[in-house]
Amino acid sequence: EAGVAQSPRYKIIEKRQSVAFWCNPISGHATLYWYQQILGQGPKLLIQFQNNGVVDDSQLPKDRFSAERLKGVDSTLKIQPAKLEDSAVYLCASSKRQSLWGTAPDTQYFGPGTRLTVL
Amino acid sequence: AQKITQTQPGMFVQEKEAVTLDCTYDTSDQSYGLFWYKQPSSGEMIFLIYQGSYDEQNATEGRYSLNFQKARKSANLVISASQLGDSAMYFCAMREENTGGFKTIFGAGTRLFVKA
């Protein structure tokens, strides 16, 4: 089974430029997550999709970040304009969970991440 | 307040010995899940083990076991027979079913160094 794919792996841009990241989740996984991981910290959830609907985007800086998941499969995360503090690794993850309810483990499987450097 | 606390920024262990990585959590939910992930230098997060709040038995997965003490709100990861390949960052995470809105929150991580 193919894992979560992300591209690009690395990106260097100047502040105020725009950038986009792409994620292809594991086939059949209903839930998709975007995390931001700043150096030395744990991942922080930016946005969570259930199929193509947004479940949680409370920590997404909506003035500059946007994300979409068309047709409930692939997803893109965009930053426009970028700031120096956006330098981080952006991780995409997916899980099988079909419903928000229940106590079954919602194990998330992560992609390799995109390392963004803003100069 | 921190929801997930990992108090050990770095740990050293001798190859073939066991090591415990600490994790405490804070929640008022009755239903929640606890996860441990490994992040090698390559950057990918690798799922290791899961413990549900209603699970009575401690979770085990091969050389990994989770020492779940619900009353103390701790979920320590025990790695037995450490191997050089275990050197990595380890993250504890919690998903709250009710008040947390199903969001998974990660701790700051513990870097494990395995010595030959």
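Definitions and cut-offs
- Residues numbered from 1 in each chain as written.
- Chains lettered and ligands numbered in written order.
- Predicted model: local features only at pLDDT ≥ 70, side-chain atom pairs only at ≥ 80, totals over all residues.
- Heavy atoms only, no water.
- Helix = DSSP H or I, 4+ residues; strand = E, 2+ residues; numbered from the N terminus.
- Buried < 20%, exposed > 50% of the residue type's maximum accessible area, 1.4 Å probe, protein only.
- Disulfide = S-S within 2.5 Å.

Asker: Help me understand unusual backbone geometry in this model?
Answerer: Peptide bonds are trans in most cases, and residues, glycine excluded, mostly fall at negative phi. Residue and element names in this part refer to chain A. For the peptide bond that leads from Ser7 to Pro8, omega is -10 degrees, which places it in the cis range. Position of Pro8 among the secondary structure elements: in the loop between strand E1 (5–7) and strand E2 (10–13). Each neighbour pair has its own omega, and for Gln80 with Pro81 the value is -5 degrees, a cis peptide bond. Among the secondary structure elements, Pro81 is positioned in the loop between strand E8 (75–79) and strand E9 (88–95). Phi is positive for Arg16, close to 80 degrees, though the residue is something other than glycine. Along the chain, Arg16 turns up in the loop between E2 and strand E3 (19–24). Residue class for Arg16 comes out exposed when judged on its relative accessible area of 64%.

Asker: I would appreciate a short explanation of the state of the cysteines in the present structure.
Answerer: In a disulfide, the sulfur atoms of two cysteines are covalently bonded to one another. Residue and element names in this part refer to chain B. Inspection of every chain in the model, using the stated rule, returns two disulfides over all chains. With its sulfur 2.0 Å from that of its partner, Cys23 forms a disulfide with Cys92. Measuring the twist about the S-S bond at about -65 degrees, one finds the Cys23-Cys92 disulfide to be left-handed. Of this pair, Cys23 sits in the loop between strand E3 (19–21) and strand E4 (24–25) while Cys92 sits in strand E10 (residues 88–96), and the two are 69 residues apart along the sequence. Using a relative accessible area of 0% as the deciding quantity, one classes Cys92 as buried.

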